[in-house]
Every structure is written in structure tokens, then in C-alpha cells.
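Okay, here's what each chain looks like letter by letter:
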Number of protein chains: 2
Amino acid sequence: MFWRQTQIRVGRLCAVTLQKVTTHSPLHVRLHHCSSEMATDRIPLSTDFFIRQLFSTPSSTYTYILADVKQKEAILIDPVLEEANRDAKVLEELGLKLKYAINTHMHADHVTGTGMLKKLLPGTRSIISKASGASADEYVNDGDTISFGRHQLKVASTPGHTNGCVTYILHEQGIAFTGDALLIRGCGRTDFQEGSPTILYKSVYEKIFSLPDNFTLYPAHDYKGMTATSVGEEKHFNPRLSKSLEEFINIMNNLNLPYPKMIDKALPANKVCGLYEVEQK
Amino acid sequence: MFWRQTQIRVGRLCAVTLQKVTTHSPLHVRLHHCSSEMATDRIPLSTDFFIRQLFSTPSSTYTYILADVKQKEAILIDPVLEEANRDAKVLEELGLKLKYAINTHMHADHVTGTGMLKKLLPGTRSIISKASGASADEYVNDGDTISFGRHQLKVASTPGHTNGCVTYILHEQGIAFTGDALLIRGCGRTDFQEGSPTILYKSVYEKIFSLPDNFTLYPAHDYKGMTATSVGEEKHFNPRLSKSLEEFINIMNNLNLPYPKMIDKALPANKVCGLYEVEQK
């Protein structure tokens, strides 16, 4: 089965016709804000700003190195225990000093690498939100700022997947790290760790969808080989969050997901920077 | 086991001392060009240039969407058959028209998505190097240019993994797509498909390492969760290609790799844009 696509533009609206070519199914017509505006007005990264995305296969987790390339100061967002040696090696090769190992929330699907990175790279400090309930060297709340070199991460509280979920925003670079609050064409589940679809919907609309459409969004996970998205894309094409609140609640309350397989192992470890397991070895 | 790192800089040279902290092993000292220059002078992407990296897990293959965001014209580099529907959907959502589906070489580890994408998105044309021996709508040779919107990919012949391997370079954006010629901290094997370590070494040094150190390099695969690298990083830290030609040949001739598990299926399919299999279904 394949399809033929035709677009008819009327101002900012598009009629998209999708016609199945091998079958004789009726023409499917969708009217929405024109998707051809999804890939415009890119915000260029500063020449002194460095970003490198890293992936951990077992839990499909993305880790991000951000750095000030002049001052050689770096941070890591959402490091994974099993990849801590890799991450430390990349930082060393890049000549970057790790200032903070940061989590977007207390993960239930993998053990954080923050504790191990503190051992591998002495001087590193761990950060998580106060509301997460996990221990760290420093705690952040909504509106706080985390500095590395001349760059600044702004902390936006985005609860709903967990109480302590935050999104980290770099306004100058036009990018944000959404953790599990917003995934690419999806979102984190809301049936564990004080999850609430109503709270998550409010978080995403108030703190993430309120950013400019051309902001690039980097999630904590992806399971389909997607690496990044944008505010505009998710507003239009997120199959859950583009819906009304009522529809969203209905979707989230009927996902029928299995019990999170790593949760009983990951949560006790992540309460103490992932070192629960390490100390037992 | 973890280690403590100290750097002593003497001009452009660094002495890096790595000390194992839990054991009393002797201090390991390495002298090399200073790694702290790895993350400087980033080249900003043009605001009208779009890039999106995509991943296919079974063969650990990266596919890239590149586009001119004003003219809405896109190309795909190294698409994978099983992901063709995903790729077509992303292009549609972004409002981009696919002009070319391009391969860096005739892959032996996965079936290309070019043929399927031509069916999904009529008007798309396939491109591969003339030297690959595979069929396509258009063939390219060293020095050729592929245009999409106002942007241009420059074709650099980089044989050695296969005879037909090319690297696609966007000089204005400071990025290059190296296929299997250069992988992150590695390279493609040279024991199949007319592979030759001597030819590969020459290709990488003449066509890739001759680019500025701050050019970002995107490979066709990665198996360790790395997503990108730079010319400077690979010159210094590629465990194979940072060595002398003699050492490189010795390494490549002693990898003792297993027979490529997909090669008997992938090569006949990839000779005909991946449609060999599709037509049999």
C-alpha cells in the first residue's frame, strides 16, 4: 500500500489529500494549519555553543552534552549508568570539564549515570528538581537558572508524568529538553509516580507549546528512530497532545500499558544518584 | 574502577595524565594535540537549511533528511526499506517535497529505501555513484554537485569500503555525510565488496581529513549511541585512522569479522533500489 499526496493552500490553511494508490479507497482529506510552515526560520546555534546527542539502546534514552566551547564547561542531561564511561571518555576527548550531571526527572526505566559520573569525573555536581524526591547535590525549582560558561538553562516545571518533571530551556539557542513530559509524537505515561493526564496537558500547553514554533525539542527517549522535533510539529502532529484535554485524558487513561519492567530496580537507585546499585557491586 | 584526569598544556600539545583511582596502577601519560581544541569555532547552520537525523535499529543505520526550508525541497541520504513509511510521513508533516533519495554506497547490511520512497512519493528520483554498480535514476561521480533548493551537496569519491563509496559534503554548512568510509571512532570493513585498507586510508586522508577540523561528520551507522563527530575528533581519536598506513592495514587485515549476515539478501536488492524484495511480496 502506498499513497499519493496533494496539497491545496488557502492562506495559512492546507487541505492535504491522501490517496491510497493501490486500492480504490476514498480520498482522505485533512484540513489543518499548513504543515509546510513546519520547517522554516531555523534558529542558528551560537558558534560558542556545543551540543552532542547520545543514545542508550536498552531503555532508548537520549543523553545530551551541552557546553560552552570557549570556557570548556559542560553539562550532561539525563545520563545513563551503563553509558557513564562512554560519556566521560567523550567529554575528555572534547577537552570539556563536566560541571553538572542533570536529570529531567526521577526515571523509572533506567538507572541514572549521575552518581557514577561524579566518581569518574571528580568535581561534577548532580542536579534534579526539588519536587522529584530524589537526592542530588543541588535542587532546582521552576524559574531557576543553571549556568555553564556563559550559557544558561532555564528550568520550567512540567509535572504530569511525575511530580518532579522539568523541562530545561535554552532561549538563546531555541532549544528545550523535555524529558518525558513531551516525547516525539507522544508523551510519558501518566499511570505511575503520581502521574496525571490533566496536569501533564496543562504543563505541556503552558510551558512547552508556549515556546516559539521553531524551537527544537529534544526528548529523553524515542522508540522509532526519531532524534528531535519542534514545537510547531508537536502542536500539529502529536497524536495525543494535539487533541482536546478531554480526548487526551481519555487516551491516557486507556493505554493499557504493562507494569514498567525496570521501575522496582530504577526508582530506589535513582533516589540516590544511581549509586544504590553501584555500591552493592 | 574510575580515573582522575589532569591536563598540562604546552602550546598546542597536551599531556593528559589518567590515574586509576581505586587501584595503585602507574600513571598513564599521553601526549597528543590538545583535545581541548576539539569543541571550538562551531559553524552555524544557515537558517534556511534543515537537517533531521533518523535511526533504524536493526542495522544501526542513520538516515538524514536535508532540506531548503524556503523552497521546501528535500533529499534523503541512506534511507532504509523498513523505515520508508516513517520517512515519507515525516516529510509530509514537515511540508517538504522529496527530490532525491540518495545512497552513499551499495549497502551490504540493510536494504535501501530508495525504491519504496519513489513509490510512496512519486516524483522522487534515486541517486548513487556510478562506481557502485547499482542501478538508479541518476549517477554521480567525484566532483559532481547535487542541488536541492539553493543548497548543494558536493560529491567526493571515497572508495575503500566499497569501490562506489562517496562522501557528500555541504561546505556552507560545515557538514559531511561519510557513509561507511568513516564511522565515529571507526570505519567500514574492507574485506568484502572490493574493500581495500590502502585505498580507504587514502580516501579518508585526501577527502575527509582535508576538510576543516570543525566540520561535523555524520556517518551511515553507529553501534554505541554516538550520533555525530568532527574532522578534528576523528583525526585525533579514531583508533584506526589516527594510526600510520602500515598500522591501519595491519588492524584492518586482522579484524576477524564474521561473514556479513545480510549481504546475500541486501546486495541483490540494493542493485535495484531495494525493490528486488518488494516485488517478490
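Keep in mind that this is a model prediction, so the values were computed, not measured.

**Digging into the side chain of Ser132 of chain B**
Residue and element names in this part refer to chain B.
Move 1: For Ser132, the position within the fold is in the loop between β8 (125-129) and β9 (138-140).
Move 2: Residue class for Ser132 comes out buried when judged on its relative accessible area of 12%.
Move 3: Within the local environment of Ser132, its side chain forms a polar contact with the backbone oxygen of Ser129, the two atoms lying 2.7 Å apart.
Move 4: Among the polar contacts made by the side chain of Ser132, one reaches the main-chain amide nitrogen of Ala134 at a distance of 3.1 Å.
Move 5: The contacts of Ser132, once residues within four sequence positions are left out, are Met106 and Gly164.

**Some words on the environment of Pro44 of chain A**
Move 1: For Pro44 of chain A, the location among the structural elements is in the loop between β3 (28-33) and β4 (49-56).
Move 2: C-alpha of Pro44 of chain A to C-alpha of Glu172 of chain A: the two residues are 128 residues apart in sequence and 9.3 Å apart in space.
Move 3: Not counting chain neighbours up to four residues away, the residues in contact with Pro44 of chain A comprise Gln173 of chain A together with Pro44, Leu45 and Thr47 of chain B.

**Overview of the packing of aromatic side chains**
Two aromatic rings are characterised by how far apart their centres lie and by the angle between their planes.
Move 1: Applying the stated criterion to the full structure yields 19 aromatic pairs over all chains.
Move 2: For the ring pair Tyr205 of chain A and Phe209 of chain A, a centre distance of 4.9 Å and an interplane angle of 75° mean the geometry is edge-to-face.
Move 3: Among the residues examined, Tyr205 of chain A registers a relative accessible area of 32% and is labelled partly exposed.
Move 4: Ring pairs connect the aromatic residues Phe55, Tyr62, Tyr64, Phe177 and Tyr218 of chain A together with Phe55, Tyr62, Tyr64, Phe177 and Tyr218 of chain B, which therefore count as one cluster.
Move 5: Above the ring of Tyr139 of chain A, the side-chain terminus of Lys130 of chain A is found at 4.3 Å from the ring centroid.

**Some remarks on the pattern of salt bridges**
Move 1: Under the counting rule described, the total for this entry stands at 32 salt bridges over all chains.
Move 2: The closest approach of N and O atoms between Glu233 of chain A and Arg185 of chain A, which form a salt bridge, is 2.9 Å. A residue pair is termed long-range when its members are at least 10 positions apart, and Glu233 of chain A in helix α4 (residues 231-237) and Arg185 of chain A in the loop between β13 (175-179) and α3 (197-208) qualify at 48 residues.
Move 3: Residue Glu233 of chain A is classed as buried on the basis of its relative accessible area, which comes to 0%.
Move 4: Among the charged side chains, a salt-bridge network with shared partners connects Arg52, Lys89 and Glu93 of chain A together with Arg185, Glu233 and Glu234 of chain B.

**Re unusual backbone geometry**
All names here are of chain A.
Move 1: The backbone of Asn256 shows a phi angle near 50°, a positive value even though the residue is not glycine.
Move 2: When you line up the elements, Asn256 lands in the loop between α5 (245-252) and α6 (263-270).
Move 3: Given a relative accessible area of 71%, Asn256 falls into the exposed group.

**Brief notes about the packing of helix α3 (residues 197-208) of chain B against helix α5 (residues 245-252) of chain B**
When two helices pack together, their arrangement is captured by the angle between the axes and the distance separating the axes.
Residues and elements named next belong to chain B.
Move 1: Where α3 meets α5, the closest approach of the two axes is 9 Å, and the angle between their N-to-C directions is 130°. Between α3 and α5, the crossing angle belongs to the class labelled oblique. Seen along the crossing, α3 lies across α5 with a hand that is right-handed. Residues Pro197, Thr198, Leu200 and Tyr201 of α3 lie in contact with α5, whose contacting residues are Leu245, Phe248, Ile249 and Met252.
Move 2: Partitioning the contact of α3 with α5 into residue classes produces seven nonpolar, one polar and no charged.

**Describing the sheet that holds strand β10 (residues 145-148) of chain B**
Residues and elements named next belong to chain B.
Move 1: Pairing within the open sheet is mixed, and its six strands lie in the order β10-β11-β12-β13-β14-β15. Only two strands of the sheet have a single neighbouring strand rather than two, namely β10 and β15 (229-230).
Move 2: Across four bridges, strand β13 (residues 175-179) lies against strand β14 (residues 216-219) in parallel orientation. Following the sheet pairing, Phe177 is matched in β14 by Tyr218.

**So, the pairing of strand β11 (residues 151-157) of chain A**
Residues and elements named next belong to chain A.
Move 1: As paired elements, strand β10 (residues 145-148) and β11 share four bridges and run antiparallel to each other. In the sheet register, Thr145 faces β11, and the bridge partner there is Lys154.
Move 2: Linking β10 to β11, which pair antiparallel, is a turn of two residues; within it Gly149 sits at a positive phi near 55°.
Move 3: Strand direction decides the pairing type here: β11 and strand β12 (residues 166-170), joined by four bridges, are antiparallel. Bridge pairing in β12 places Lys154 opposite Ile169.

**A few points about the sheet that holds β9 of chain B**
All names here are of chain B.
Move 1: The strand order across the open sheet built from six strands is β4-β5-β6-β7-β8-β9, with neighbouring strands paired in mixed fashion. With one partner strand each, in any of the chains shown, β4 (49-56) and β9 form the two edges of the open sheet. Mean inter-strand twist for the sheet, computed between neighbouring axes without regard to direction, equals 25°.
Move 2: In this sheet, β8 lies alongside strand β7 (residues 97-102) in parallel orientation, the contact comprising three bridges. Residue pairing in the sheet places Tyr100 in a bridge with Arg125 of β8.
Move 3: Against the sheet, helix α1 (residues 84-94) makes contact with β4, β5 (61-68), β6 (73-77) and β7, and its axis sits at roughly 155° relative to β4, the strand it touches most.

**Section: the environment of Leu275 of chain B**
All names here are of chain B.
Move 1: Position of Leu275 among the secondary structure elements: in helix α7 (residues 275-280).
Move 2: Spatially, the C-alpha atom of Leu275 lies 41 Å from that of Ser244, the residues being 31 residues apart in sequence.
Move 3: Ignoring any residue separated from it by four or fewer positions in sequence, one finds Leu275 in contact with Gly115, Met116, Lys119 and Ala269.

**Quick look at the confidence of the model for chain A**
The predicted coordinates of low-pLDDT regions are not to be read in fine detail.
Residue and element names in this part refer to chain A.
Move 1: Of the residues in chain A, 84% reach a pLDDT of 70 or more, and the chain-wide mean stands at 87.
Move 2: With pLDDT under 50 throughout, residues 1-36 is counted as low confidence; its partners more than four residues away or in other chains account for 82 contacts.
Move 3: Across the assembled chains, the prediction reports ipTM 0.85 with pTM 0.86.

**Considering the environment of Ser56 of chain B**
Residues and elements named next belong to chain B.
Move 1: Its place among the elements puts Ser56 in strand β4.
Move 2: Its relative accessible area of 2% is what places Ser56 among the buried residues.
Move 3: Note: C-alpha distance between Ser56 and Leu275 (219 residues apart in sequence) is 18 Å.

Reading the values: rules and limits
- Residues numbered from 1 in each chain as written.
- Chains lettered and ligands numbered in written order.
- Predicted model: local features only at pLDDT ≥ 70, side-chain atom pairs only at ≥ 80, totals over all residues.
- Heavy atoms only, no water.
- Helix = DSSP H or I, 4+ residues; strand = E, 2+ residues; numbered from the N terminus.
- Buried < 20%, exposed > 50% of the residue type's maximum accessible area, 1.4 Å probe, protein only.
- Polar contact = N/O pair within 3.5 Å; in protein donor to acceptor, adjacent residues only side chain to side chain.
- Contact = heavy atoms within 4.5 Å.
- Phe/Tyr/Trp six-rings, centres within 6.5 Å; stacked < 30°, edge-to-face > 60°.
- Lys NZ or Arg CZ within 6 Å of the ring centre and 35° of its normal.
- Salt bridge = Lys/Arg side-chain N within 4 Å of Asp/Glu carboxyl O.
- Axes fitted to C-alpha atoms, helices over the stretch in contact; angles between N-to-C directions.
- Parallel < 35°, antiparallel > 145°, perpendicular 65-115°, else oblique.
- Left-handed = near helix turned anticlockwise from the far one by under 90°.
- Nonpolar A, V, L, I, M, F, W, Y, C, P; charged D, E, K, R; others polar.
- Pairing = 2+ DSSP bridges.
- pLDDT = per-residue confidence, 0-100.

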